[in-house]
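Single-letter residue listing:
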Amino acid sequence: MLASRNMRASGARVAAAPAQRAILAARSGRRASVAAKAQKKEIMMWEALREAIDEEMERDPTVCVMGEDVGHYGGSYKCTLGLYKKYGDMRVLDTPICENGFMGMGVGAAMTGLRPIVEGMNMGFLLLAFNQISNNCGMLHYTSGGQFKTPLVIRGPGGVGRQLGAEHSQRLESYFQSIPGVQLVACSTVRNSKALLKAAIRSDNPIIFFEHVLLYNVKGEAGDKDEVACLERAEVVVDLISLKPFDMETIAKSVKKTRKVIIVEECMKTGGIGASLSAVIHESLFNELDHEVVRLSSQDVPTAYAYELEAATIVQSSQVVDAVHKIVGATAPVRA
């Protein structure tokens with residue numbers, strides 16, 4: 001009887017052992033998962049952009065940075081902070097205040113085997129380099145019969161900030177959209193800013209990379225050093241990302257699903273990105289629409305410094321709500 005009881009108890013302990021190990025393994029797995037999430041802390045978007053530049057410079061010795069105050073000062077929004085200490089003054093090059101000059105140097109460097117990242121302290125200043133961007137950067141691959149390529153990234157802060165005045169509140173997407181041979185990319189989150197910038201640096205095409213000045217301190221998780229995004233792919237809701245060319249496959253899926261389109265942008269209404277997109281949607285997806293495309297864009301006036309006037313020139317959330325009610329046939333809320 002005793003032996004039988006002992007045997008049953010022993011058998012129970014043996015049977016319980018695998019179950020206990022499974023429980024312990026599950027607990028250990030959960031702890032590891034929690035630890036991994038804790039290690040992957042949130043960072044700001046400027047830090048994600050800095051990580052992208054640092055990782056690509058470490059990966060490829062032909063990648064270099066040039067622009068005003070990108071070295072010892074670390075860039076106007078700190079996207080190159082401390083990199084001159086790691087890579088030296090020749091790979092993180094402080095330039096004079098001469099946009100047309102250092103843009104031309106960047107184009108020449110790209111033609112001869114380097115992968116320059118040219119920072120505009122403010123994207124509005126790059127109008128001074130428009131000749132180099134349009135006549136050289138965008139055309140050299142074509143005019144040389146393919147003998148030269150220009151793997152160049154032009155990046156920096158733009159858009160309407162908070163009371164920065166007219167010259168520092170430029171939206172240049174539509175200015176550059178008409179230049180043949182140049183690709184336009186706009187980042188919008190911590191994760192896609194890093195992955196898109198890494199892809200832009202590796203691309204053989206000249207790319208103008210737009211970073212909105214109000215997004216630099218937005219927080220989120222960034223991908224690891226192997227995460228690289230597609231430069232031509234939009235994200236749903238739809239976040240265009242690729243301003244040239246448009247990702248019409250993703251846009252068409254969204255239009256066919258909702259049969260309605262609202263375009264919200266910070267560009268001017270006349271000749272803006274939204275105008276081009278609206279035209280393409282009407283041309284290629286007209287039969288899928290139940291309502292005309294609605295465009296919400298900035299006013300065709302210089303951006304004012306005064307807060308109230310500045311707010312009146314750009315799209316507000318209440319306007320988006322009213323537009324949604326309009327196209328779905330609902331009654332818009334009454335505002336005081």
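Residues numbered from 1 in each chain as written. Predicted model: local features only at pLDDT ≥ 70, side-chain atom pairs only at ≥ 80, totals over all residues. Heavy atoms only, no water.

Taken as a whole, the largest pocket encloses approximately 1,600 Å³ of empty space. Surrounding the largest pocket, 49 residues form its lining, Val238, Asp239, Val264, Glu265 and Glu266 being those nearest its centre. For the lining of the largest pocket, the secondary structure elements donating two or more residues are strand S7 (207-212), helix H9 (248-258), strand S10 (262-268), helix H10 (273-285), helix H11 (307-313) and helix H12 (317-328). Among the elements that make up the lining of the largest pocket, the one with the highest residue count is S10 (six residues). (1 Å grid on protein atoms, 1.4 Å probe; cavity = no way out; pocket = protein on both sides within 12 Å on 5 of 7 lines; lining within 4 Å. Points joined across faces, edges and corners; volume = space filled by probe spheres on them. Helix = DSSP H or I, 4+ residues; strand = E, 2+ residues; numbered from the N terminus.)

Okay, the confidence of the model for the protein next. Of the residues in the protein, 87% reach a pLDDT of 70 or more, and the chain-wide mean stands at 88. Contacts for the low-pLDDT stretch residues 1-16, under 50 throughout, to residues beyond four places or in other chains number zero contacts. (pLDDT = per-residue confidence, 0-100. Contact = heavy atoms within 4.5 Å.)

Scanning all chains against the criterion turns up 19 salt bridges. Where lysine 198 meets glutamate 56, a salt bridge forms, and the shortest distance between an N and an O atom there is 2.8 Å. Residue lysine 198 is found in helix H8 (residues 190-202), and its partner glutamate 56 is found in helix H2 (residues 45-59); the two are separated by 142 residues along the sequence. The burial state of lysine 198 is the same as that of glutamate 56; both residues are buried. Glutamate 249 is the salt-bridge partner of arginine 233, the closest N and O atoms lying 3.3 Å from each other. Taken together, the residues span a long stretch of sequence, with arginine 233 in the loop between strand S8 (219-220) and strand S9 (242-244) and glutamate 249 in helix H9 at a distance of 16 residues. Classification of arginine 233 as partly exposed rests on a relative accessible area of 38%. One continuous salt-bridge network, built from bridges that share partners, spans Glu51, Glu55, Glu56, Arg59, Lys194, Lys198 and Arg202. (Salt bridge = Lys/Arg side-chain N within 4 Å of Asp/Glu carboxyl O. Buried < 20%, exposed > 50% of the residue type's maximum accessible area, 1.4 Å probe, protein only.)

This brings us to H9. Owing to its 3.6 residues per turn, the α-helix brings residues three or four apart onto one side. Along H9, the positions that sit buried rather than exposed are Thr250, Ile251, Ala252 and Val255. Against H10 lie the buried residues of H9.

Let's shift gears to the packing of helix H4 (residues 99-111) against helix H5 (residues 130-137). Running from N to C, H4 and H5 point in directions that differ by 25°, and their axes come no closer than 8 Å. The angle between H4 and H5 falls in the class roughly parallel. Of the two elements, H4 crosses H5, and the hand of that crossing is right-handed. Contact residues: Asn100, Met103, Gly104 and Val107 in H4; Asn131, Gln132, Ile133, Asn136 and Cys137 in H5. Class assignment of the residues belonging to the contact of H4 with H5 gives a composition of four nonpolar, five polar and no charged. (Axes fitted to C-alpha atoms, helices over the stretch in contact; angles between N-to-C directions. Parallel < 35°, antiparallel > 145°, perpendicular 65-115°, else oblique. Left-handed = near helix turned anticlockwise from the far one by under 90°. Nonpolar A, V, L, I, M, F, W, Y, C, P; charged D, E, K, R; others polar.)

On to the sheet that holds strand S4 (residues 115-119). Backbone hydrogen bonds are what pair the strands of a sheet, in a parallel or an antiparallel way. The seven strands are arranged S3-S2-S4-S5-S7-S6-S9 in an open sheet whose pairing can be described as mixed. At either end of the open sheet lies a strand with only one pairing partner, and these are strand S3 (92-94) and S9. Direction aside, the axes of adjacent strands within the sheet are offset by 20° on average. In terms of strand pairing, strand S6 (residues 183-186) meets S9 through two bridges, oriented antiparallel. If you follow leucine 184 over to S9, its bridge partner there is lysine 244. Packing of H8 onto the sheet brings it into contact with strand S2 (63-67), S4, strand S5 (153-158), S6 and S7, and relative to S7 it is tilted by some 160°. (Pairing = 2+ DSSP bridges.)

According to the stated counting rule, one finds two aromatic pairs in the structure shown. Ring centres of tyrosine 77 and tyrosine 216 lie 4.7 Å apart, and the angle between their planes is 15°; this geometry places the pair in the stacked category. Separated by 139 residues along the polypeptide, tyrosine 77 in the loop between S2 and helix H3 (83-87) and tyrosine 216 in the loop between S7 and S8 bring together distant segments of the chain. For tyrosine 77, a relative accessible area of 33% corresponds to the partly exposed category. Take tyrosine 216: its relative accessible area is 2%, and that puts it in the buried class. (Phe/Tyr/Trp six-rings, centres within 6.5 Å; stacked < 30°, edge-to-face > 60°.)

Here we take up the pairing of S4. With five of five residues buried, S4 lies mostly within the body of the structure. Here S4 shows two buried faces, one formed by Arg115, Ile117 and Glu119 and the other by Pro116 and Val118. Note that S2 and S4 share five bridges and pair parallel. Note that in S4 the partner of cysteine 64 across the bridge is proline 116.

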